[in-house]
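Residues per chain are reported as follows:
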Amino acid sequence: PQVVIGMAVTRAGIPVRLWCWPGNTSDSALIRQARQDMRDWTLARVMWVADRGFSSRENRRELRRGGGHYIIGEKLRSGSPEATAALSRQGRYQHVRDNLQVKQVRIGGNDADERFIICYNPEQADRDRALREVMTGKLTALITDTDRLTPTKRAELRGQISTMPGLNRFLRVTPGGLLRLDKKKIAAETNLDGKYLLRCSDPHLPAEDIALGYKQLLEVEHGWRD
C-alpha cells in the first residue's frame, strides 16, 4: 500500500500541519484540500511554490483559484516551447547572491501575467560540467575502437549503454551502426549548466524574490529529514 504525505511549514521551516492521502490521490485533489484547510488560518496572501511535477495547466489553474499565485519549476530539458523560448532570449543576469543569478524573460502566447525566470548557479554549473566530463570520458573509453567490432557486438554494446542513462544521453549511432559521441547533445547540455527555469503568476513579485521563494522548497525537504 502507498500513501501520499503532505507537510506545511513556516518560512523558517517549522512543520505546522500534516496530511495523509491514499497513494492514488491526484495532484489537483491534494491542492484543493490543502488550500481549503489553510483557509482556517485566514492568511492574507498565499504564494504556492511547487516543483516540476505540478506544472500542468490544470494544476496551475487550481493554484490560482481564490486569488492565490504560484512559483513553479519548469523542465529546461523538456523541449517545450516555453523552455526553448526562454533559453533563446538574450539579456543580462541580475546578481542575487554569491551562487545565484536571475534573468527574467517574456514569452509571447502565455497568460498575460505569467513570467519566466532563468536562474543560474555558477557553483552548480561547475558541478554539471565536471560530471559531464566524467560521463563523456567513460563513454569514450567504451566506444573507442568499436568500429572494428562486428555489427552484432556493437549492437550488444549499444544495448548495454542504453541501460546507463548518464552515458546514453551523449551517445549517437550513425546510420551505419557506428557508435559516436553526440557533440550536438554535449553542446546543448553545456548551455544548460547550472540553470533552471521558474514560472510565476504574480505580475509584481521581483525576480529575486521569485528565485528565493522557490528555494524555500528546501525548507520542506529539511523538515522531512529532521
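Cut-off values and rules
- Residues numbered from 1 in each chain as written.
- Predicted model: local features only at pLDDT ≥ 70, side-chain atom pairs only at ≥ 80, totals over all residues.
- Heavy atoms only, no water.
- Helix = DSSP H or I, 4+ residues; strand = E, 2+ residues; numbered from the N terminus.
- Buried < 20%, exposed > 50% of the residue type's maximum accessible area, 1.4 Å probe, protein only.
- Salt bridge = Lys/Arg side-chain N within 4 Å of Asp/Glu carboxyl O.

Peer 1: What is the right way to look at unusual backbone geometry in this model?
Peer 2: Glycine aside, negative phi is the norm for most residues, and most peptide bonds take the trans geometry. Positive phi values are uncommon outside glycine, yet Asp 145 reaches one of about 70°. Counting through the fold element by element, Asp 145 comes out in the loop between α4 (122-143) and α5 (151-162). A relative accessible area of 49% means that Asp 145 is categorised as partly exposed.

Peer 1: Just checking my understanding: could you explain the pattern of salt bridges for this structure?
Peer 2: For side chains of opposite charge, pairing can occur when their charged atoms come near one another. One pass over the structure, following the stated rule, counts 10 salt bridges. The shortest N-O distance in the salt bridge between Arg 129 and Asp 126 comes to 2.3 Å. Of this pair, Arg 129 and Asp 126 both sit in helix α4, three residues apart, roughly one helical turn. Judged by relative accessible area, which is 44%, Asp 126 ranks as partly exposed. Between Lys 153 and Glu 156 there is a salt bridge, with its nearest N and O atoms 3.9 Å apart. Of this pair, Lys 153 and Glu 156 both sit in helix α5, separated by three residues, roughly a single helical turn. Judged by relative accessible area, Lys 153 falls into the partly exposed class, the value being 46%. The class for Glu 156 is partly exposed, based on a relative accessible area of 41%. One network of salt bridges, with partners in common, ties together Arg 60, Glu 74, Glu 114 and Arg 199.

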